[in-house]
Amino acid sequence: MHQLQQVTVLGATGSIGSSTLDVISRHPERYQVFALTAHARIGELQTLCLRFRPRFAVVADAAQAQRLQSDLRNAGLATEVLAGPQGLCEVAAHPDVDAVMAAIVGAAGLESAMAAVQAGKKILLANKEALVMSGALFMHAVREHGAQLLPIDSEHNAIFQCLPCNYADGLAPVGVRRILLTASGGPFRNSSYAELERVTPAQACAHPNWSMGQKISVDSATMMNKGLELIEACWLFAARPEQVEVVIHPQSVIHSLVDYVDGSMLAQLGNPDMRTPIAHAMAWPERISSGVAPLDLCALARMDFVAPDLERFSCLRLAIEAAQAGASAPIVLNAANEIAVQAFLHGRIRFTQIPQLIEDVLNMQQASSVQSLEQVVEVDLRARQYANTWLTKQSGSIGIGL
Ligand code: NAD
Ligand code: MG
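Given the structure is predicted, the values throughout are model-derived calculations rather than measurements.

*Asks:* Just checking my understanding: could you explain unusual backbone geometry for this structure?
*Replies:* The omega angle of the peptide bond from Trp 284 to Pro 285 is 10°, so this bond is cis rather than trans. Mapped onto the elements of the fold, Pro 285 is located in the loop between helix H12 (275-283) and helix H13 (297-300). The phi dihedral of Arg 41 falls on the positive side, at around 50°, and the residue is not glycine. Position of Arg 41 among the secondary structure elements: in the loop between strand E2 (31-37) and helix H2 (42-52).

Following this line, the structure appears as structure tokens:
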């Protein structure tokens, strides 16, 4: 018999949110949905509430909350609907919650993920931006509040599975030489720079191996995703940036590797389906079924590996540089990237202008030390202002027609 765990799913209507609910629905004797949250697509949230009957639902604002509350009442549900960032923090830190899936996209997910950490929860972290922005503070809070942090990002979950359990003080003491972070290379792995200039949002969102939300799809296409993951890996596994190496592996079957000093290399393999890392983290240290088919090695037949091209994919270079610079640089990188991705998705800038915007914003300010969450938010906001000014100037001077 297992004790029933109460789970909050932050970002329930997203790609990770729905994979999480799929895993939960396979194990009703283990998991119960405590709270579901969404920012848009409230109709979808309502459908999920009817199916999982959570104690709480959280939406963006009071007007939405009122509407959903009355719809749920009319359907005979006792679910209580909350609103805004405060509602997110409340369901992340509620005393009756055992585990929190942090699957909101972008900086918007930081505060609620931190609330779960500060309440000492088991935290299943998909929201990599939270660690990129506030890694030192986040990891310190995990230790201080006795939270249990389990990585959901497939690469980090793979690394976690391949590392010994006592890596918290650094990789060298446990005989690890380096971490190899695999990357699919995205849809434009073989595209020339001239081709990259003409990429449309629809092309950028069509990932060859993974089905994901829009922002991470564009990040995968620019390879900023791998850069954010490199920073994420440094915090999660107490690694220095030079101990993490990116390798392009187009089949996305090896999810990452750990290289030991004795020449052993351990890898985690599987079909590219996020339900595997989600099920692993949810049940850890046990194993449960996830609905993912076993990997057929003979059908796969081959695996390829190649070094990344930091010139064509300069977002990856910028992220490596920000990881090395540390302090406020990763916050600026992340904020500028979020603005650039939105601008690209709205047709305001070309695909190849994404790294240009980020680099210019990074160059506009000196890296400064960051000691508190308030400072993180300050640096983030300032970088967004610089990025928006950059966009205004650009559209004034060239007027792109995409
Ligand atoms: P998505 O866009 O599909 O879903 C995002 C969720 O966040 C939605 O439920 C949305 O309503 C909510 N949300 C968006 N903005 C919000 C805001 N301002 N306030 C509150 N909620 C908000 O994204 P996704 O692909 O599921 O990714 C979620 C996170 O997981 C990202 O940080 C991403 O990098 C990470 N991740 C995703 C995958 C994947 O396969 N999709 C893999 C690894 C890591
Ligand atoms: Mg990943």
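Having put the structure on the table, let's press on.
*Asks:* What should I look at first to understand the packing of aromatic side chains in this one?
*Replies:* Any pair of aromatic rings gets described here by the distance separating the centres and the angle formed by the planes. By the definition in use, this model includes five aromatic pairs. With centroids separated by 5.3 Å and ring planes inclined at 75°, the aromatic side chains of Phe 188 and Phe 351 adopt a geometry described as edge-to-face. Taken together, the residues span a long stretch of sequence, with Phe 188 in the loop between strand E8 (176-183) and helix H8 (193-197) and Phe 351 in the loop between helix H15 (329-345) and helix H16 (353-364) at a distance of 163 residues. The residues Phe 188 and Phe 351 share a single accessibility class, namely buried.

*Asks:* I tried to follow the sheet that holds E8 on my own but got confused; where do I start?
*Replies:* Each strand in a sheet pairs with its neighbour through backbone hydrogen bonds, running either in the same direction (parallel) or in the opposite one (antiparallel). If you walk across this open sheet you meet the four strands as E9-E8-E10-E11, and the pairing is mixed. Looking at strand neighbours, the two that pair on one side only are strand E9 (244-248) and strand E11 (265-269), the edges of this open sheet. Each adjacent strand pair in this sheet contributes to an overall mean axis angle of 20°, direction not counted. Pairing analysis gives five bridges linking strand E10 (residues 254-260) to E11, with the strands arranged antiparallel. Across the sheet, the residue bridging to Ser 256 is Gln 268, located in E11.

*Asks:* It is not clear to me how the side chain of Ser 154 should be interpreted in this structure. Could you clarify?
*Replies:* Its place among the elements puts Ser 154 in helix H7 (residues 154-162). Ser 154 sits in the buried class, given a relative accessible area of 6%. Here Glu 155 takes part through its side chain, which lies 3.2 Å from a polar atom of the side chain of Ser 154. In contact with Ser 154, other than residues within four places in its own chain, are Trp 210, His 255, Met 274 and Pro 277.

*Asks:* Where do I start with the nonpolar core in this structure?
*Replies:* For soluble globular proteins, the rule of thumb is that nonpolar side chains tend to be buried together. The biggest cluster of nonpolar side chains holds 135 residues, and the ones touching the most others in it are Phe 138, Phe 237, Leu 333 and Ile 358. If one sorts the elements of this core by residue count, H15 sits on top with twelve residues. Setting aside its immediate chain neighbours within four residues, Ile 358 contacts Met 224, Cys 315, Leu 318, Leu 333, Ala 336, Asn 337 and Ala 340.

So, how was this worked out
Residues numbered from 1 in each chain as written. Chains lettered and ligands numbered in written order. Predicted model: local features only at pLDDT ≥ 70, side-chain atom pairs only at ≥ 80, totals over all residues. Heavy atoms only, no water. Helix = DSSP H or I, 4+ residues; strand = E, 2+ residues; numbered from the N terminus. Phe/Tyr/Trp six-rings, centres within 6.5 Å; stacked < 30°, edge-to-face > 60°. Buried < 20%, exposed > 50% of the residue type's maximum accessible area, 1.4 Å probe, protein only. Pairing = 2+ DSSP bridges. Axes fitted to C-alpha atoms, helices over the stretch in contact; angles between N-to-C directions. Polar contact = N/O pair within 3.5 Å; in protein donor to acceptor, adjacent residues only side chain to side chain. Contact = heavy atoms within 4.5 Å. Core = buried A, V, L, I, M, F, W, Y, C linked by side-chain atoms within 4.5 Å.

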